[in-house]
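As a plain string of letters, each chain reads:
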Amino acid sequence: MNYSIIRYILFRVLEFAALFLTLPCLVAAIYQEKAGFAFAAVMLGSLIVAEIGKLWKPKSNVFFAREGFVTVSLSWILLSFVGALPFWLSGEIPNFVDALYETISGFTTTGGSILSDVECLSKSVQFWRLFTHWIGGMGVLVLIIAVLPLSGGYNMHLMRAESPGPSVGKLVPRVQATAKILYGIYIGITLLEMICLKAAGMTVYDSIVLSFSTMGTGGFGVLNSSIGSYSVVVQVIFIIFMILGGMNFNVYYLLLVARKPKEALKHEEARTYLLLLLGAALLITWNIRGYYESIGIAFKDALFQVASLGSSTGFATADFDLWPEFSKAILFVIMIIGACAGSTGGGFKVSRVMILIQDAKNELLRVVHPQIVKKPHLEGRAVEDGTVRSVHAYLMIYLAVFFVSFLFLSLDKYDFTTNITAVMANLNNTGPGLNGVGPTCNYGEYSVFSKFVLMFDMLTGRLELLPMLILFSPKTWKKY
């Protein structure tokens, strides 16, 4: 294990954390809020430690996959602890465990909260809370790759360890150029949403912070009613951009950079994702039609919740916990599947489900025709055996983490449905679950132990399981 290079990158992450904290400092200055002192103190402390730490240059540039996994895991843990300090020091979230949960929920774009009243928060704290979604949506290490030229094999190992999906490739030959393209698209769509929300009558502040939350597919809001108090036009804008946040960014690359619209329209995962959301929304609309005065309003609320949970954003316009069991079952399935690979969304990922279904069909064919040789296909290409094996392994690890976490949460006071959906919502980075953690509730009443379990689930889910598990494996830490 090359500890020196890991230490060096962690100090660079701390440097970027200080940079991020300058924005809530500015917001606090604009609104003349005392919370700005907490942000300034953490920013200066992080910057000083980072600059001192950077004086020790790496002894070696050797950087393999395990360094990548460990670096990404430790970076997210470090960023979460630093990000929680302003919440705690400002006194607006006085319990540090709660502050840490809120911060991890923000960076992992989960959107589950321990707060019962978000409207009492200061503007700067609210800004930081929603900005963490945007930082974590695309990934802080991807941003560092885009901005800083790192030599050696750092780039691809870091990107693979942090990016969501069964496989990560380069859009262009250089990894740094790929990172720049991804962040360019990300920034562009975020700005477009800000403009749309402002044009729809939202304040400048709300349009900025809620665009951070939407494009990061996070789900933190500035109102206790989430999105339910806004106009229908604003809600439709959120539906569009939540869906965009859950799309594979390769589609945007093909449309906007490569100028290959035909290939973009043929993208199998994106089409499956859109059809899945539409089909789920139509089924739920039929099921809840008696709850609404018109079929149009029912469809709008159904599509909003499906887009929100399918993209793992977690916004709400209605208390879907009051809907019929059939509708809640559909939402639960949508929550599990989640968004596309290569998006800012969470979940198991549409592409993994597609590969597993095709592989299962092929196994059934081999029972009847033992000599047949057939592989799953995705985006017009055969999926390699190694990728299929990794998807099956991912499924087994995913189920193991899910069931162990569920058993731990069962030690708490909540009922079966609350605990099982709480684990699913945190592991899939979705936010709201059902019953005690439904859209009108929060995670504040869980015990400290349960909150740490859920924090582990959020980080594990956001980093696609392996980085966090490898971090705690004794074999990882053996020296070369």
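Each value, and the rule that gives it
Residues numbered from 1 in each chain as written. Predicted model: local features only at pLDDT ≥ 70, side-chain atom pairs only at ≥ 80, totals over all residues. Heavy atoms only, no water. Helix = DSSP H or I, 4+ residues; strand = E, 2+ residues; numbered from the N terminus. Rg over C-alpha atoms; globule rule 2.2 N^0.38 Å. Buried < 20%, exposed > 50% of the residue type's maximum accessible area, 1.4 Å probe, protein only. Contact = heavy atoms within 4.5 Å. Lys, Arg positive; Asp, Glu negative; His and termini not counted. Charge placed at Lys NZ, Arg CZ, Asp CG, Glu CD. Phe/Tyr/Trp six-rings, centres within 6.5 Å; stacked < 30°, edge-to-face > 60°. Lys NZ or Arg CZ within 6 Å of the ring centre and 35° of its normal. Expected span 1.5 Å × (residues − 1). Axes fitted to C-alpha atoms, helices over the stretch in contact; angles between N-to-C directions. Left-handed = near helix turned anticlockwise from the far one by under 90°. pLDDT = per-residue confidence, 0-100. Disulfide = S-S within 2.5 Å. Polar contact = N/O pair within 3.5 Å; in protein donor to acceptor, adjacent residues only side chain to side chain. Patch = residues over 30% accessible without salt bridge, like charges linked within 9 Å, V, L, I, M, F, W, Y side chains within 5 Å. Areas by Shrake-Rupley, 256 points an atom, 1.4 Å probe, with all protein chains shown as cover. Salt bridge = Lys/Arg side-chain N within 4 Å of Asp/Glu carboxyl O. Parallel < 35°, antiparallel > 145°, perpendicular 65-115°, else oblique. Nonpolar A, V, L, I, M, F, W, Y, C, P; charged D, E, K, R; others polar.

1. Here we look at the overall build of the chain
Along the chain, the regular secondary structure elements total 20 helices and 2 strands. In terms of overall dimensions, the chain is globule-like: its C-alpha atoms have a radius of gyration of 22 Å, near the 23 Å expected for 480 residues. If you line up the chain on its principal axes, its C-alpha atoms span 65 × 55 × 50 Å. The buried share of the chain, taken over its 480 residues, is 58%. If you take every contact in the chain between residues at least 6 apart in sequence, the share linking residues at least 24 apart comes to 70%. Between the mean site of the 36 positive side-chain charges and the mean site of the 30 negative ones, the chain shows a separation of 12 Å.

2. Regarding the packing of aromatic side chains
Scanning the model with the defined rule gives 31 aromatic pairs in all. With a centroid separation of 5.9 Å and an interplanar angle of 80°, the aromatic rings of Tyr31 and Tyr205 are classed as edge-to-face. With Tyr31 in helix H1 (residues 3-31) and Tyr205 in helix H9 (residues 204-215), the pair connects residues that are 174 residues apart, well separated along the chain. Note on Tyr31: relative accessible area 38%, which makes it partly exposed. Centroid distance Trp128 to Phe131: 6.3 Å. Interplanar angle 55°. Geometry classified as tilted. Of the two residues, Trp128 and Phe131 are both situated in helix H5 (residues 123-138); the distance of 3 residues between them amounts to about one turn of the helix. Each member of the pair, Trp128 together with Phe131, is buried. Of note, Lys123 hangs over the ring of Tyr205, and the distance from its end group to the ring centre comes to 4.4 Å. Note that Arg129 overlies the ring of Phe220, its terminal NZ or CZ placed 3.9 Å from the centroid.

3. Examining H5
Its 16 residues give H5 an end-to-end C-alpha distance of 24 Å, which sits within 8% of 22 Å, the value for a rise of 1.5 Å per residue. Of all 16 residues making up H5, 15 are buried, and the element is well covered by its neighbours.

4. What to know about the packing of helix H10 (residues 232-245) against helix H14 (residues 295-310)
At their nearest, the axes of H10 and H14 sit 9 Å apart, and the two run at 35° to each other. Between H10 and H14 the crossing geometry is left-handed. Packed against H10, whose contacting residues are Gln235, Phe238, Ile239, Met242 and Ile243, the element H14 presents Lys300, Asp301, Leu303, Phe304, Ala307 and Ser308 at the interface.

5. Topic: the confidence of the model for the chain
Any segment with low pLDDT has predicted coordinates that should not be analysed in fine detail. Scored by pLDDT, the chain comes out at a mean of 89, with 91% of its residues at no less than 70. By mean pLDDT, the top-scoring element of the chain is helix H4 (residues 96-107) (97), and the lowest-scoring one is helix H7 (residues 154-162) (55).

6. With respect to the state of the cysteines
In total, this model carries 0 disulfides according to the counting rule given. Cysteine Cys441 remains unbridged, with the sulfur of Cys120 as its closest cysteine sulfur at 17 Å.

7. Topic: the side chain of Thr108
Secondary-structure assignment places Thr108 in the loop between H4 and H5. For Thr108, the side chain forms a polar contact with the side chain of Thr110, separated by 2.8 Å. Excluding residues that lie within four positions of it along the chain, Thr108 makes contacts with Trp76, Asn429, Met458, Leu459 and Arg462.

8. Comments concerning a nonpolar patch on the surface
A surface patch of nonpolar side chains, about 560 Å² in accessible area, is lined by Leu44, Ile48, Ile52, Leu55 and Trp56. By relative accessible area, which is 54% here, Ile48 ends up exposed.

9. Observations regarding the pattern of salt bridges
Using the criterion set out here, one finds 11 salt bridges in the structure. One salt bridge connects Lys54 with Glu51, and the closest N-O pair in it is separated by 3.5 Å. We classify Glu51 as partly exposed; its relative accessible area is 35%. If you follow the salt bridges from partner to partner, you end up with Arg12, Glu15, Glu51 and Lys54 in one network.

10. What to know about unusual backbone geometry
Backbone phi values are negative for most residues with the exception of glycine, while trans is the configuration of most peptide bonds. We note that Arg259 has phi near 55°; this positive angle belongs to a residue other than glycine. Here Arg259 is to be found in the loop between helix H11 (249-257) and helix H12 (261-265). Residue Arg259 is classed as exposed on the basis of its relative accessible area, which comes to 64%. One non-glycine residue, Ser312, lies in positive phi territory at about 65°.

11. With respect to the environment of Thr203
Structurally, Thr203 can be placed in the loop between helix H8 (175-199) and H9. Considering only alpha carbons, one finds Thr203 and Ile330, 127 residues apart in sequence, at a separation of 34 Å.

12. Some details on the packing of helix H16 (residues 350-368) against helix H17 (residues 385-409)
One can describe the packing of H16 onto H17 by two numbers: an axis separation of 10 Å at closest approach and a directional angle of 105°. Overall, the two elements H16 and H17 adopt an arrangement that is roughly perpendicular. On H17, the residues that touch Arg352, Ile355, Leu356 and Asp359 of H16 are Thr387, Val388, Val391, His392, Tyr394 and Leu395. Of the residues belonging to the contact of H16 with H17, the class tally is 6 nonpolar, 2 polar and 2 charged.

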